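Below, each chain spelled out in residue letters.
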There are 2 protein chains.
Amino acid sequence: MKAILAKISKRKNMESFNIQFALVRKALKTLPFFLLATILCADASAQQKQMVRLAKIVVDSAQLESYKAFAKEEIETSLLVEPGVLTLYAVAEKKNPTHITILEIYADSNAYQKHIKTPHFLKYKNGTLHMVKALELIETDPLVPAAKLTQVVERKN
Amino acid sequence: MKAILAKISKRKNMESFNIQFALVRKALKTLPFFLLATILCADASAQQKQMVRLAKIVVDSAQLESYKAFAKEEIETSLLVEPGVLTLYAVAEKKNPTHITILEIYADSNAYQKHIKTPHFLKYKNGTLHMVKALELIETDPLVPAAKLTQVVERKN
C-alpha cells in the first residue's frame, strides 16, 4: 500500500514538474515577442515625447547672407554636439528667399530647454535679433510617427 | 668611347625612369584625395539636383481623419517603394489641426515626375481632392545642404 502511495505521489510530482516545465517553456517562447513589444513601446513613447515644430522666420533682405551664416553655424554645431537635437532642417523659399522655415525636432522638452541655453544657440539668437523681422513658432504633431527622420551633418575635416 | 657613351645613355635612362617612377608615386599618393573629392562632388551635385518643397494644405475639418488615413498610406508606401522619394514629413499644427505642412524631398525632378504617376499617389490625390480646401506648393532651397536628412518608415510586419 505504502509503495503504491509513494508511486502515485512520485507520478503527481512528475506531472506537476512537467506542467511547470511546460509553463516555463511557453514563457520563454513568448519572451522575444515581449522584448520586441517593449522596444516598440519604448520607441513609440520616445517619439510621443518629441517636440516637433515649424519656425517661420522673415529676415531683413539686406542682412540675409549674414543671417544665413549665423543659422548655418548654429544648425551644424547643434547637430554635432547635442544628441537631443534630432532635426534642424532649414529651407528658404525660392520666390521669397527672405522667408525661412525650419523644421525642428527635439528628443523632448528637456532637450529643447538645454538647447536654448547652449553658447552656440545664444550666439545665433543674439547675433540675429536685429536681422529677424518676424518669427512664428508653430507647435505641431507628426502625421506619420512611423516615418522617422534622422539628420546627420557632414563634419568639415 | 662607345662604352662611355653607353654608360651615359644608361644613366640617362635610369634618371628618366626614376623621374617617371616618382611622378607615378606622387600621382598614387594623391589618388585617395582625388577619389574623395570626386565622391564629395558627386554627393554635392546629387544634393543640388534635389527637389525640396513645402506643401501647405488646409483640410476640411469634417474629413480630417479620413484625409490623414489617405496621407499616411501614401507617405508610407512612397517611402517603402520609391528610392527617389527621400523625405515626406507631414505635420499638423497643434492649434489648427486642419493645417498640414509636408516637407517633401525628391532625389531629382525625374523622381518627382515618377512619383506623381504611381498608383499610391493617384489613390491619395483622387481620394482626397474633395477634402482639400487649399493647397500651396512652395519650392525651396535648403540652407545647410551638409545637414542631410534621411527618413525610414518602419515596416508593419
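Everything numeric in this text was worked out from a predicted model, so none of it was measured.

Draft legend 1. Broad picture of the overall build of chain A. The helix and strand inventory of chain A stands at four helices and five strands. Moving toward the C terminus, one meets the helices and strands of chain A in the order α-β-α-β-β-α-α-β-β. The buried share of chain A, reckoned over its 157 residues, is 33%. For chain A, the proportion of contacts with a sequence separation of at least 24, taken over those separated by at least 6, is 74%. Here chain A has roughly 10200 Å² of accessible surface; of this, 63% comes from carbon and sulfur atoms.

Draft legend 2. Geometry of the pattern of salt bridges. Residue and element names in this part refer to chain B. Under the counting rule described, the total for this entry stands at twelve salt bridges over all chains. In this structure, Glu104 engages Arg53 in a salt bridge whose closest nitrogen and oxygen atoms are separated by 3.0 Å. Residue Glu104 is found in strand S3 (residues 99-106), and its partner Arg53 is found in strand S1 (residues 51-59); the two are separated by 51 residues along the sequence. What makes Arg53 buried here is its relative accessible area of 6%. Close ionic contact of Glu73 with Lys123 constitutes a salt bridge, the shortest N to O distance being 2.9 Å. A residue pair is termed long-range when its members are at least 10 positions apart, and Glu73 in helix H2 (residues 64-81) and Lys123 in helix H4 (residues 119-128) qualify at 50 residues.

Draft legend 3. The relation of the copies chain B and chain A, seen in detail. In the superposition of chain B on chain A (RMSD 0.0 Å, axial shift 0.0 Å), the rotation amounts to 180°. What the rotation and shift describe, once combined, is the action of a two-fold rotation axis. When C-alpha distances to the rotation axis are compared across chain B, the minimum falls at Thr150 of chain B, with a value of 2.6 Å. When the interface residues of chain B are mapped onto chain A, 100% of them are again interface residues, pointing to one common binding face.

Draft legend 4. A look at H4 of chain B. All names here are of chain B. Looking at H4, one finds that the buried residues are His120, Phe121, Tyr124, Gly127 and Thr128. All buried residues of H4 project into a common sector of 145° when viewed along the axis, lining one side. Facing away from the buried side of H4, by more than 90 degrees, are the exposed residues Pro119 and Asn126. The inward-facing, buried residues of H4 contact S1, H2, helix H3 (109-115) and strand S4 (132-142).

Draft legend 5. Broad picture of the interface of chain B and chain A. The partner chain A presents 39 residues to the 39 residues of chain B that form the contact. Regarding the contact of chain B and chain A, the summed buried area is about 3400 Å², with carbon and sulfur atoms giving 63% of it. Applying the counting rule to chain B against chain A returns two salt bridges. Across the pair Asp141 of chain A and Lys94 of chain B runs a salt bridge, and its minimum N-O distance is 2.8 Å.

Draft legend 6. Structural view of the domain arrangement of chain A. Residue and element names in this part refer to chain A. Each assigned domain of chain A is listed here: domain 1 (1-49) and domain 2 (50-140). Across the interface of domain 1 and domain 2, roughly 270 Å² is buried in total on both sides, 35% from carbon and sulfur atoms. For the pair domain 1 and domain 2, the interface holds zero salt bridges. If you look at where domain 1 meets domain 2, you find zero residue pairs in polar contact (both at pLDDT 80 or more).

What counts and how
Residues numbered from 1 in each chain as written. Chains lettered and ligands numbered in written order. Predicted model: local features only at pLDDT ≥ 70, side-chain atom pairs only at ≥ 80, totals over all residues. Heavy atoms only, no water. Helix = DSSP H or I, 4+ residues; strand = E, 2+ residues; numbered from the N terminus. Buried < 20%, exposed > 50% of the residue type's maximum accessible area, 1.4 Å probe, protein only. Contact = heavy atoms within 4.5 Å. Areas by Shrake-Rupley, 256 points an atom, 1.4 Å probe, with all protein chains shown as cover. Salt bridge = Lys/Arg side-chain N within 4 Å of Asp/Glu carboxyl O. Least-squares fit on C-alpha atoms with pLDDT ≥ 70 in both. Arc of directions from axis to C-beta. Buried area = accessible area lost by both parts, 1.4 Å probe. Domains from an automatic or database assignment. Polar contact = N/O pair within 3.5 Å; in protein donor to acceptor, adjacent residues only side chain to side chain.

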